[in-house]
Each structure stands twice: as C-alpha cells, then as structure tokens.
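Below, each chain spelled out in residue letters.
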Amino acid sequence: MEPNGELAIRIGAALSVFAVMALWEYLAPRRALALGRLRRWPSNIGLVVVYGLLERVLIPVAAVGTAAIAAQRGWGLLNITPWPAWLGPAWLEVLIGFVALDLAIYAQHVAFHKIPLLWRLHRMHHADLDIDVSTGLRFHPFEIVLSMLIKMAVVALLGVPLVAVVAFEVALNATSMFNHSNAAMPVGLDRIVRLFVVTPDMHRVHHSVARHETDSNFGFNLPWWDRVFGTYRPQPEAGHDGMTIGLPIFRDPAEARLDRLLSQPFREGLGR
Ligand SMILES: [Zn+2]
Ligand SMILES: [Zn+2]
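Residues numbered from 1 in each chain as written. Chains lettered and ligands numbered in written order. Predicted model: local features only at pLDDT ≥ 70, side-chain atom pairs only at ≥ 80, totals over all residues. Heavy atoms only, no water.

> I keep staring at empty space enclosed by the protein and nothing clicks. Help me out?
Regions of empty space are outlined by a rolling probe, equal in size to a water molecule, passed over the atoms. Taken as a whole and assessed by the stated rule, the structure comprises one cavity of 30 Å³ or more. Estimates place the volume of the largest cavity at around 60 Å³. Together, 13 residues line the largest cavity, and Ala127, Leu129, Arg138, Glu255 and Ala256 are the ones closest to its centre. Tallied by class, the residues present in the lining of the largest cavity amount to seven nonpolar, one polar and five charged. (1 Å grid on protein atoms, 1.4 Å probe; cavity = no way out; pocket = protein on both sides within 12 Å on 5 of 7 lines; lining within 4 Å. Points joined across faces, edges and corners; volume = space filled by probe spheres on them. Nonpolar A, V, L, I, M, F, W, Y, C, P; charged D, E, K, R; others polar.)

In structure tokens:
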C-alpha cells in the first residue's frame with residue numbers, strides 16, 4: 001500500500017466518523033455540556049493540527065511503515081515462522097495482530113495512569129470539563145508520539161501484518177470519537193453494543209472526577225480487557241447526568257485554551 005494511500009484512508013475515515021458523531025450528539029445529546037463547544041472545540045481540534053504536523057515530521061516511519069519493513073526483513077514472531085496450516089487460514093494472522101495491538105493500547109493506557117511521569121502527559125486528556133467527540137482527539141502531542149513508538153515496537157516484535165496495522169489505526173480513531181461522543185443511545189442497545197466495542201456510556205465513567213472511576217474502563221476499542229483484568233465499571237455512581245467530568249485540578253475554564261493544554265504536563269506537580 002502506498003504511504004499516501006494509507007494516509008488518505010485514515011483522514012477520510014476520521015473526517016466521516018467525526019461528522020457523523022458530531023451530528024448525532026448535536027441532535028441527541030446524552031447530557032448537558034458544562035463548558036460547551038465554543039470554548040473547547042477550537043483547542044481540542046487545534047491539537048490535531050499540532051500533533052498531525054509533529055507526527056509527519058518526527059516519525060516519518062510510523063506503525064504502518066514499521067509493518068512494511070518488518071514484513072520485508074522477516075522481523076517479528078509472525079514473520080519468523082510460516083503460518084502453520086493446522087492453525088487455520090492465514091488471515092487469522094491479521095486478526096491476531098489487530099487484537100494484540102488493542103491489548104497493547106489497553107496496557108499503555110493503564111501505564112499512563114499508574115506511572116506519575118506518564119500521567120502528566122495523559123492528564124490533559126482527562127482535564128476536559130466535558131466529554132464529547134472532540135475529546136476523542138484531545139491528546140498531548142508527546143503522548144501521541146510515545147504511543148506511536150510503543151505501537152511500532154509491538155508491530156516489529158510481533159510482525160503484525162500491514163493490513164492489520166492500517167485496520168487498527170482506522171478502527172482506533174473511529175472508536176475513540178465514538179466512545180467519547182455525547183451521543184445518546186438507548187440503554188438496551190448500549191448493553192448489546194458494549195459486548196463488542198466500548199460505548200460512550202462505558203468510556204464516560206473513565207472521565208469522572210472521582211479517582212476510582214477515572215482508574216477504570218481503560219479500553220478504547222475492544223471492551224473485553226477491562227472485564228478480563230478487573231478494571232470494568234459498568235456505570236458512574238452519580239449517574240450520567242449527575243457525574244462531574246474532568247479532574248480536581250485544571251478546572252478553570254481558561255485551561256481550555258490551546259496553549260494551556262500544551263503546557264499542562266509541565267505545571268502543578270503530580271497532583272490528581
Ligand atoms: Zn485515561
Ligand atoms: Zn478518554
């Protein structure tokens with residue numbers, strides 16, 4: 001696959017999902033926003049411009065490039081040995097690669113909460129006073145770079161097929177905007193959908209100001225890891241309308257400015 005083809009797929013998919021989720025949460029909002037869109041969207045979306053540039057300049061060979069090189073040079077577990085026929089069709093390799101990447105992202109997310117230095121980078125995502133589709137884009141550029149390096153390591157060590165990496169990148173981007181959205185979904189439907197993918201009601205618990213709720217529901221894409229590793233919390237204690245979103249720190253609305261978002265990791269100790 002052409003590197004630019006991969007980029008076009010990612011950008012096209014991201015824009016479409018953003019438009020659909022933005023329309024959904026506008027027409028059927030799950031809860032009233034505290035700070036609203038006007039104060040938050042320019043910064044949350046502005047970040048994408050900042051880290052989009054960073055990603056293109058600093059990491060010209062991203063996860064997809066790593067997959068191509070790994071396949072060419074025979075790096076990684078899946079590339080060392082030919083896929084044995086008794087294990088089933090070869091496309092299972094793609095499935096294994098996809099699931100392994102998702103587990104790695106879950107583990108990385110837990111690490112970003114548990115390791116104080118990493119929490120400094122990640123807490124900016126949590127400091128958003130509302131959670132909607134734009135929160136799904138709101139990550140510190142340093143966190144994006146670190147996450148990309150971790151993904152590249154997993155891809156090289158395991159030899160994840162290129163098609164699995166592209167599918168995973170597109171899926172993670174789409175599910176991140178979906179599960180951060182303020183879109184209302186009937187409770188019965190949510191119960192079924194969250195068996196297969198993290199839903200907005202499930203991830204919203206993770207954005208609660210209460211620390212024991214912040215430290216739960218780490219999944220972004222597949223919802224199973226939280227159940228397997230005991231970090232699953234079905235609903236927020238105060239209910240979706242009653243819960244407070246954000247962190248105990250950085251609650252001044254001025255913190256929603258782009259320059260404040262970028263400087264948050266370097267301010268105010270390790271406080272949570
Ligand atoms: Zn988090
Ligand atoms: Zn989140």
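Continuing now.
> I tried to follow the coordination of the zinc ion (ligand 1) on my own but got confused; where do I start?
Tetrahedral coordination by four donors places them ideally at 109.5 degrees to one another around the metal; octahedral coordination by six donors ideally gives 90 or 180 degrees. Protein coordination of the zinc ion (ligand 1) is provided by His109 (NE2), His113 (NE2), His122 (NE2), His126 (NE2) and His206 (NE2), with donor distances spanning 2.1 to 2.2 Å. Mapping the donors of the zinc ion (ligand 1) onto the primary sequence yields the spacing H-x3-H-x8-H-x3-H-x79-H. In this structure the zinc ion (ligand 2) is found 5.4 Å away from the zinc ion (ligand 1). With histidine 113 in helix 5 (residues 92-114) and histidine 126 in helix 6 (residues 116-126), this pair connects stretches of sequence that are 13 residues apart. Both residues of the pair, histidine 113 and histidine 126, count as buried. (Donors = N, O, S within 2.8 Å, 3.2 Å for Na, K, Ca; no water. Helix = DSSP H or I, 4+ residues; strand = E, 2+ residues; numbered from the N terminus. Buried < 20%, exposed > 50% of the residue type's maximum accessible area, 1.4 Å probe, protein only.)

> How do you make sense of the coordination of the zinc ion (ligand 2) when you look at a structure like this?
Taken together, the protein donors to the zinc ion (ligand 2) comprise His125 (NE2), His180 (NE2), His203 (NE2) and His207 (NE2), at separations of 2.1 to 2.2 Å. Seen from the zinc ion (ligand 2), its four donor atoms lie at angles of 86 to 167 degrees, and the figure they make is irregular. (Tetrahedral: all angles 85-135°; square planar, octahedral: opposite > 155°, others 65-115°.)

> Looking at this structure, I do not really get unusual backbone geometry. What am I missing?
One can expect most non-glycine residues to show negative phi and most peptide bonds to be in trans. Positive phi outside glycine occurs at asparagine 217, with the angle close to 50 degrees. Overall, the relative accessible area of 0% leaves asparagine 217 in the buried class. Despite not being glycine, phenylalanine 250 shows a phi value in the positive range, around 55 degrees. Mapped onto the secondary structure, phenylalanine 250 falls in the loop between helix 13 (239-242) and helix 14 (258-263). Exposure remark for phenylalanine 250: the relative accessible area of 4% places this residue in the buried category.

> Whenever I open this one, the nonpolar core confuses me. Can you help?
Burial of nonpolar side chains together is a common tendency in soluble globular proteins. In this structure, Phe18, Leu101, Val133, Val155, Val160, Val165 and Phe168 are the most contacted members of the largest nonpolar core, which totals 38 residues. Listed by contribution, the elements that provide at least two residues to this core are helix 1 (3-27), helix 2 (37-58), helix 3 (63-73), helix 5, helix 7 (141-158) and helix 8 (162-180). Of the residues forming this core, the biggest block, seven residues, is contributed by helix 8. Contacts of valine 133, omitting those with residues within four sequence positions, involve Phe18, Met21, Ala22, Glu25, Trp41, Met177, His180, Ser181 and Asn182. (Core = buried A, V, L, I, M, F, W, Y, C linked by side-chain atoms within 4.5 Å. Contact = heavy atoms within 4.5 Å.)

By themselves, these observations are geometric and do not establish any function.
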